[in-house]
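Chain residues, written in single-letter form:
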Amino acid sequence: PGTENRHGDRKSPNTKNTMNTKLMFSAPKRAVLTPEGVYAALVTKVSVNSKEGTEAPVTVELEFTLNGLNQSVCRTYPAKMKGRSPLFRDAKSILRRGPKPEELEQGFDPAILKGEGCRVHIAHRLDHNGRPHSQTITVMAADATPVAAAAPVAATEPVAAVAA
């Protein structure tokens, strides 16, 4: 009584019988947010994305795997290697040098970033639906002494103090 439906079957609190069709309801899975901080990371994937037949700009996506965690974060860039472009700035940080003139003449191949170590600053932002997600804010050169595996730097410390 009370937990049985009209056919005598036991009901679960997250099921509903509708015209002899049993519908199951489950709570939406929540993404695990990477704690905010600065992490040692490795560039594990480089993708160049273009939509042929459209005017959409070409983009480059870098995937960073955080050392000591089974998590990765991505950052997407416009495929421009000039002056103060974000890809140019982050490529210089990751490679610890500017692109060579011959690399720029031949067209910079972002695939050379794969396998390189760096540090990434992770912060939480809200998406267009108001849900929080982890975002790569800054990419920095790897330390001579690496950051402890997946140990975030305290959020109260300025990022400049980490680089020192």
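Residues numbered from 1 in each chain as written. Predicted model: local features only at pLDDT ≥ 70, side-chain atom pairs only at ≥ 80, totals over all residues. Heavy atoms only, no water.

A few words now on the overall build of the chain. Within the chain one finds 3 helices and 7 strands. Secondary structure of the chain in N-to-C order comes out as β-β-β-β-β-α-α-β-β-α. Residue burial in the chain is summarised as follows: out of 164 residues, 27% are buried. Within the chain, residue pairs in contact and separated by at least 24 positions form 43% of the contacts whose partners lie at least 6 positions apart. Surface exposure of the chain reaches about 11200 Å², of which carbon and sulfur atoms provide 53%. (Helix = DSSP H or I, 4+ residues; strand = E, 2+ residues; numbered from the N terminus. Buried < 20%, exposed > 50% of the residue type's maximum accessible area, 1.4 Å probe, protein only. Contact = heavy atoms within 4.5 Å. Areas by Shrake-Rupley, 256 points an atom, 1.4 Å probe, with all protein chains shown as cover.)

Our focus in this paragraph is the nonpolar core. Formed by 21 residues in total, the largest nonpolar core has its most connected members in Leu62, Phe64, Ile94, Leu113, Cys118 and Val120. Contributions of two or more residues to this core are made by strand E3 (37-49), strand E4 (59-66), strand E5 (72-78), helix H1 (86-95) and strand E6 (117-126). With 5 residues, the single largest contributor to this core is H1. Not counting residues within four places of it along the chain, the set of residues in contact with Val120 comprises Gly37, Val38, Tyr39, Ala41, Phe64, Leu66, Thr136, Thr138, Val139 and Met140. (Core = buried A, V, L, I, M, F, W, Y, C linked by side-chain atoms within 4.5 Å.)

It is worth spelling out the pairing of strand E7 (residues 132-141) at this point. Pairing between E6 and E7: 9 bridges, direction antiparallel. Looking across to E7, one finds that Arg119 is bridged to Met140. Count of turn residues in the E6/E7 antiparallel hairpin: 5 residues, of which Gly130 carries a positive phi of about 85°. (Pairing = 2+ DSSP bridges.)

The 5 strands lie next to each other as E5-E4-E3-E6-E7, forming an open sheet whose pairing is antiparallel. The sheet is open, and its two edges are formed by E5 and E7, each paired on a single side. Along the sheet, successive strands turn relative to each other by an average axial angle of 45°, direction set aside. In the sheet, E4 pairs with E5 via 7 bridges, with the strands oriented antiparallel. The residue bridging Leu62 from the neighbouring strand is Arg75, located in E5. (Axes fitted to C-alpha atoms, helices over the stretch in contact; angles between N-to-C directions.)

Counting along an α-helix, one turn takes 3.6 residues, and residues three or four places apart therefore face a common direction. Most of H1 sits out of view: 7 of its 10 residues are buried. Those residues of H1 lying buried are Leu87, Phe88, Asp90, Ala91, Ser93, Ile94 and Leu95. Along its buried surface, H1 packs onto E3, E4, E5, E6 and E7. Of the residues trailing H1, Arg96 is marked for its positive phi of about 60°.

Moving on to the pattern of salt bridges. Counted by the stated rule, this structure contains 4 salt bridges. Note that Arg119 and Asp143 form a salt bridge whose closest N and O atoms lie 3.6 Å from each other. Remark: Asp143 occurs in the loop between E7 and helix H3 (159-163) and Arg119 occurs in strand E6; sequence separation between them is 24 residues. Taking the relative accessible area as the measure of exposure, Asp143 reaches 25% and is therefore partly exposed. Sharing partners across several salt bridges, the network here consists of Arg75, Arg89 and Asp90. (Salt bridge = Lys/Arg side-chain N within 4 Å of Asp/Glu carboxyl O.)

Bringing the side chain of Asp90 into the picture now. Within the element layout of this structure, Asp90 appears in helix H1. The residues contacting Asp90, other than those within four sequence positions of it, are Arg75, Tyr77 and Val139.

This paragraph deals with unusual backbone geometry. With a phi angle near 60°, Arg96 is a residue other than glycine that sits in the positive phi range. Considering the arrangement of structural elements, one finds Arg96 in the loop between H1 and helix H2 (101-106). By relative accessible area, which is 52% here, Arg96 ends up exposed.

Any functional reading would require information beyond the geometric quantities listed.
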